[in-house]
Amino acid sequence: MARRKSTPPTGSKARKRTTGEPGTSGHRTLELSSIRDRIDDVDARIHALLNERARFAQLVGISKTASGKAVDFYRPEREADVLRKALKRNAGPLRDEEIARLFREIMSACLAQQEPLKVAFLGPEGTFTQAAVIKHFGSSVRALPLAAIDEVFHEVEGGIADFGVVPIENSSEGTVNHTLDMFLSSSLKICGEVEIRIHHCLMGRMAGLAAIKRVCAHPQALAQCRGWLDDQLPDVERVAVASNAEGARRARDESGTAAIASHAAAEIYGLNLLAKEIEDRQDNTTRFLVVGRKLFSSSGTDRTTLLVSASDTDDAGALFRLLEPLSQHRVNMTRIESRPSHRRKWDYVFFIDIEGHVSDPKVAKALAALEERASLFKILGSYPRAVL
């Protein structure tokens, strides 16, 4: 039986193959090409707008002073307002965190046209404090890692650094007392705050947990991962070190040593990730303070931190009398910590966070009344609350 010869398609089948109707590879190629052309056009417009914004930023600098430095142009209240507006108008598909990061980098790059800000932080590189620097100031700054919190304060006080970033409290383990104590003698002001969601990783040169003899980390990190360590490495020695990055350095250099640190630290020190997200609480967050040499204007959504004390803090009702003006003027207190005053034994000072800016009328009235009752009264800062 003779085989029937194939005949070329006719009608709609032929048109699909030759004209690239929907559903064919030809149409998809044309469609992708068109979309990419439109993306290129959007990119060009974004680029032009970025340069236009940078030129306006230059004009702001020129209008203030031709010989000024970046620190003279940095306005945390203005940057907080820009970020809040960006988040308010964000309709997706980009997440709020991505939008905030993009706008932060734009502002950072524009400000750095004058000269980069110099920001001291509790180092070394690879710490969560460095991550806080980048989140708050962007990547176009000169970050200066220092070995201790008091060194950060001294670098800013001496004008070597424009600002400093130091940890103040963790949602799981509480206050970093060394930072609080520095404000007893320092003239610096709090200019901002940063919140960082803390994800701890276990890392080392070894391939698995069985080879670990000791775990090195900052005491706060060891405490935040206590439950996981008790469950997974109950018999392994825990060694407290000055920073998580120092622990990562030891893990790189010492046989049998593992570290708890950030994912970035594993990359910096060339370590294997042995376990991720080992913190005991899913909402584990650290708050950092930005310190500088002056107070700034209101951003509209602010926090004020006070240092106060009474002449006799062991008297009945002494703390109540100090705080009463806040209640009378309906000013919300969000945090209070006591620390030894270093004036005499069993005498204390109080660090207080309240909502609002010192320029807000009701806050100003409350603070004026509080100051009259206090033996020590100091406004440590009035600054924008963390945007994200």
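Everything numeric here is computed off the predicted structure, so don't read it as measured data. (Residues numbered from 1 in each chain as written. Predicted model: local features only at pLDDT ≥ 70, side-chain atom pairs only at ≥ 80, totals over all residues. Heavy atoms only, no water.)

## Topic: the overall build of the protein
We count it as follows: Every helix listed is a DSSP run of H or I at least four residues long, and every strand listed is a run of E at least two residues long, numbered separately from the N terminus. The size measure is the radius of gyration over C-alpha atoms, and the globule rule it meets is 2.2 Å times the number of residues to the 0.38 power. Only protein chains enter the area calculation, which uses a 1.4 Å probe; residues under 20% of their type maximum are buried, those over 50% are exposed, and those in between are partly exposed. Note on contacts: a residue pair is in contact if any heavy atoms of the two residues lie within 4.5 Å.
Secondary structure summary: the protein contains 14 helices and 15 strands in total. In terms of overall dimensions, the protein is more spread out than a globule: its C-alpha atoms have a radius of gyration of 28 Å, far above the 21 Å expected for 388 residues. For the protein, the proportion of its 388 residues judged to be buried stands at 43%. Counting contacts in the protein only where the partners sit at least 6 residues apart, residues at least 24 apart contribute 75% of the total.

## With respect to the sheet that holds strand E10 (residues 272-275)
Put simply, the rule reads: Two strands qualify as a pair provided that DSSP identifies no fewer than 2 bridges between them. Interaxial angle, 0 to 180 degrees, is taken between N-to-C directions of lines fitted to C-alpha atoms, where a helix line uses only the stretch in contact.
Across the sheet, which stays open at both edges, the five strands sit in the order E8-E7-E9-E6-E10 with mixed pairing between neighbours. Edge positions in the sheet fall to strand E8 (237-240) and E10, since each has one partner strand and no second. Here the average twist between neighbouring strands, direction ignored, is 35°. One ladder, built from four bridges, connects strand E7 (residues 214-217) with E8; its direction is parallel. Bridge pairing in E8 links Cys216 to Val239.

## Let's talk about a nonpolar patch on the surface
Just so we agree on the cut-off: Like charges are joined within 9 Å and nonpolar side chains (Val, Leu, Ile, Met, Phe, Trp, Tyr) within 5 Å, but only among residues with over 30% relative accessible area and no salt bridge; these make up the patches. In this description, accessible areas are obtained by the Shrake-Rupley approach with a 1.4 Å probe, and a residue is regarded as covered only by the protein chains that are shown. Salt bridges are defined by distance alone: a side-chain nitrogen of Lys or Arg within 4 Å of a carboxyl oxygen of Asp or Glu.
Judged by side-chain polarity, Leu32, Ile35 and Ile39 come together as a nonpolar surface patch covering roughly 250 Å² of accessible area. Mapped onto the fold, Leu32 is located in helix H2 (residues 25-64).

## Brief notes about the pairing of strand E9 (residues 257-261)
Successive side chains on a regular strand alternate, one facing one side of the sheet and the next facing the other. Of all five residues making up E9, five are buried, and the element is well covered by its neighbours. Note that strand E6 (residues 201-204) and E9 share four bridges and pair antiparallel. For Gly204, the partnering residue across the bridge sits in E9 and is Ala258. Taken together, the three bridges between E7 and E9 define a ladder with parallel strand orientation. In the sheet register, Val215 faces E9, and the bridge partner there is Ala258.

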